[in-house]
Amino acid sequence: MELQARLEAFVRASTGDGAPQIGGLRRLGVGRSRENWVFDARWPDGRLEPLILRQDPAGGLVETDRALEFAVLRALEGSGIGAPRVLWLDADGQWMGRPSLVMHREPGACEYDAVNGHRPAPQRQRLAREFCELMARVHELDVAALGDVLPDPGPRPAATELGAWTEILRRDQLDAWPELDLAVDALAASAPACARPVLVHADFKPGNVLLDGDRITALLDWELAHLGDPLEDLGWVTQPLRTREHLITGAWERADLIAHYAAFRGVEVDPAALAWWNAFASFKTAVMQVSGLRSFLDGRSDTLYRPHPKVLRALLDAIGALHATHA
Amino acid sequence: MRPTPEDVLDGADRLLRAVLEENALPADAADTVTDAVRMIKQARRAVAGRPAFLAEDNNRMRALLADLVHDLPAGSASRGRVRAYLAERAAADPG
């Protein structure tokens, strides 16, 4: 059955007699871990609602749980953080063939290069600051209000995350990767503690923020969200591999971002713990590429990923810095 | 080290065959894609004859090194030397 027919059947099953008409279905060209399709729902009262269908791909960089993403998004409704409103879930793919969810489509577009693109410098600096503040606001959300949607990471979320991504590495690797084994050992030996777990987005970047003009309208892609150490997100955005996405040379440097984050939240950032999360960010990126390579070799994905030399270099440098920090 | 040349060629072959199957291409374009599929087949045959022991040797060394790093004491000079060697190797990889 073609996608449009599947979607119509799924929407009918989810809404009953008052099902809307589906139109304008087309695939978006972004999203490496999910397939995103936009469409419009015309409700019986004439109202037109812009929606997005998110589906698991056959293979890719990251395997995530649509039901968990749906539950997180539902828990974030009304939080004011700009998470999209979700409507329907096909958790096991009985209607859509693959696990899928439908959510509201907010106005705006993703701009991967918003901080270093075509915009005037003052506007780019303001956006960079606002992205930092948005991330900090996610960390300020009341975790208790999320209910029991997300598992407790325990007293050492760093060790929990390292364990989870090492498990993915072992599952997907077909060859020995001594670089990654070295990283696993080094990270395991120095995992920092975390006094108060927060909601971690885990893939925070301008490419996951919707901008309508120069106004932030939504924060997308919550599929990796979990409870953990806020420094995980800060380590992700300050890792050397993502410099161009988050920093502006001479105007918004790493130290500026960290200082602004700390001031906004009224917290201190431990440099040794942040160095650990920087190293972990490179490790996680390399593991995603191992998974991407496995998908390609299994024939589940047509994009050829591999642990890129640039990523391995960044990881080994970060492991060296970690060693120096903890020496 | 994966992906091998065979893996890459198989992936390219898969993509081109998908284009031929899924898209209603103009006849000229379909002929060109078909030629490309044939060239990939020839390249696949050509690389199949390269000395297998090189790849096997590389894989064995990588596996031994991966085992070794776990045995080295944390913070030891040996571990630092292994890290520096791997960093050099990654820097020399054309990607």
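All values reported here derive from a predicted model rather than from experimental measurement. (Residues numbered from 1 in each chain as written. Chains lettered and ligands numbered in written order. Predicted model: local features only at pLDDT ≥ 70, side-chain atom pairs only at ≥ 80, totals over all residues.)

Details of the interface of chain B and chain A
Right, on to step 1. Taken together, the contact between chain B and chain A spans 25 residues of the former and 28 residues of the latter.
Right, on to step 2. Broken down by element, the side of chain B that touches chain A gets its largest block of residues, seven residues, from helix α3 (residues 52-71) of chain B.
Right, on to step 3. For the side of chain B that touches chain A, the per-class residue count stands at 14 nonpolar, five polar and six charged. (Contact = placed C-beta atoms within 7 Å. Helix = DSSP H or I, 4+ residues; strand = E, 2+ residues; numbered from the N terminus. Nonpolar A, V, L, I, M, F, W, Y, C, P; charged D, E, K, R; others polar.)

Side note on the environment of B:R81
Residues and elements named next belong to chain B.
Right, on to step 1. Relative to the helices and strands, R81 is located in helix α4 (residues 77-92).
Right, on to step 2. According to the C-beta neighbour criterion, R81 is exposed, with 11 such atoms within 10 Å.
Right, on to step 3. For the pair R81 and T32, spaced 49 residues apart in the sequence, the C-alpha separation amounts to 51 Å. (Buried ≥ 20, exposed ≤ 12 C-beta atoms within 10 Å, placed from the backbone.)

Details of the domain arrangement of chain A
Right, on to step 1. Examined at the domain level, chain A breaks down into domain 1 (3-105) and domain 2 (110-326).
Right, on to step 2. In this structure, domain 1 of chain A and domain 2 of chain A have C-alpha centres spaced 26 Å apart. (Domains from an automatic or database assignment.)

Describing the packing of helix α5 (residues 178-188) of chain A against α4(B)
Right, on to step 1. Between α5(A) and α4(B), the least distance of the axes is 10 Å, while the angle of their chain directions is 140 degrees. With respect to α4(B), the element α5(A) is oriented oblique. The handedness of the crossing between α5(A) and α4(B) is left-handed. Residues A:P178, A:E179 and A:L182 of α5(A) lie in contact with α4(B), whose contacting residues are B:V82, B:R83, B:L86 and B:A90.
Right, on to step 2. Across the contact of α5(A) with α4(B), the residue classes break down as five nonpolar, no polar and two charged. (Axes fitted to C-alpha atoms, helices over the stretch in contact; angles between N-to-C directions. Parallel < 35°, antiparallel > 145°, perpendicular 65-115°, else oblique. Left-handed = near helix turned anticlockwise from the far one by under 90°.)

Details of the environment of A:R254
Residues and elements named next belong to chain A.
Right, on to step 1. Tracing the backbone shows R254 in helix α8 (residues 254-265).
Right, on to step 2. The class of R254 is partly exposed, set by 16 C-beta atoms lying within 10 Å.
Right, on to step 3. C-alpha of R254 to C-alpha of T243: the two residues are eleven residues apart in sequence and 8.3 Å apart in space.
Right, on to step 4. The residues contacting R254, other than those within four sequence positions of it, are T238 and L247.

Here's the deal with the domain arrangement of chain B
Right, on to step 1. Segmentation of chain B into domains returns domain 1 (5-48) and domain 2 (52-92).
Right, on to step 2. Here the C-alpha centre of domain 2 of chain B lies 36 Å away from the C-alpha centre of domain 1 of chain B.

Brief notes about unusual backbone geometry
Residue and element names in this part refer to chain A.
Right, on to step 1. The backbone of A202 sits at a positive phi, close to 80 degrees, despite the residue not being glycine.
Right, on to step 2. Within the fold, A202 resides in the loop between β7 (198-200) and β8 (209-212).
Right, on to step 3. The exposure class of A202 is partly exposed, given the 19 C-beta atoms found within 10 Å.
Right, on to step 4. Positive phi, close to 55 degrees, is recorded for D221, a residue that is not glycine.
Right, on to step 5. With respect to the helices and strands, D221 occurs in the loop between β9 (215-219) and β10 (226-228).

Observations regarding the sheet that holds strand β4 (residues 86-90) of chain A
Residues and elements named next belong to chain A.
Right, on to step 1. Spatially, the five strands line up as an open sheet ordered β1-β2-β3-β5-β4, and their pairing is antiparallel. Each of the sheet's edge strands pairs with one partner strand only, and the pair in question is β1 (21-27) and β4. Taken over all neighbouring pairs, the strand axes of this sheet differ in orientation by 20 degrees on average, direction set aside.
Right, on to step 2. Here four bridges tie β4 to strand β5 (residues 100-104), and the two strands are oriented antiparallel to one another. Along β5, the bridge assignment pairs L89 with L101.
Right, on to step 3. Most of the contacts of helix α1 (residues 3-15) go to β1, to which it runs at about 135 degrees, and overall it touches β1, β3 (48-55) and β4.
Right, on to step 4. Lying over the sheet, helix α2 (residues 66-76) contacts β4 and β5, oriented at roughly 160 degrees with respect to β4. (Pairing = 2+ DSSP bridges.)

Description of the pairing of β3(A)
Side chains on a regular strand alternate between the two faces of the sheet.
All names here are of chain A.
Right, on to step 1. With eight bridges connecting them, strand β2 (residues 35-42) and β3 associate as antiparallel partners. Following the sheet pairing, R42 is matched in β3 by L48.
Right, on to step 2. In this structure, β3 lies alongside β5, joined through five bridges in antiparallel fashion. Bridged to Q55 within β5 is S100.

Some remarks on α5(A)
Right, on to step 1. For α5(A), the buried fraction is high: nine of the eleven residues fall into the buried class.
Right, on to step 2. For α5(A), the full list of buried residues reads A:P178, A:E179, A:L180, A:D181, A:L182, A:A183, A:V184, A:A186 and A:L187.

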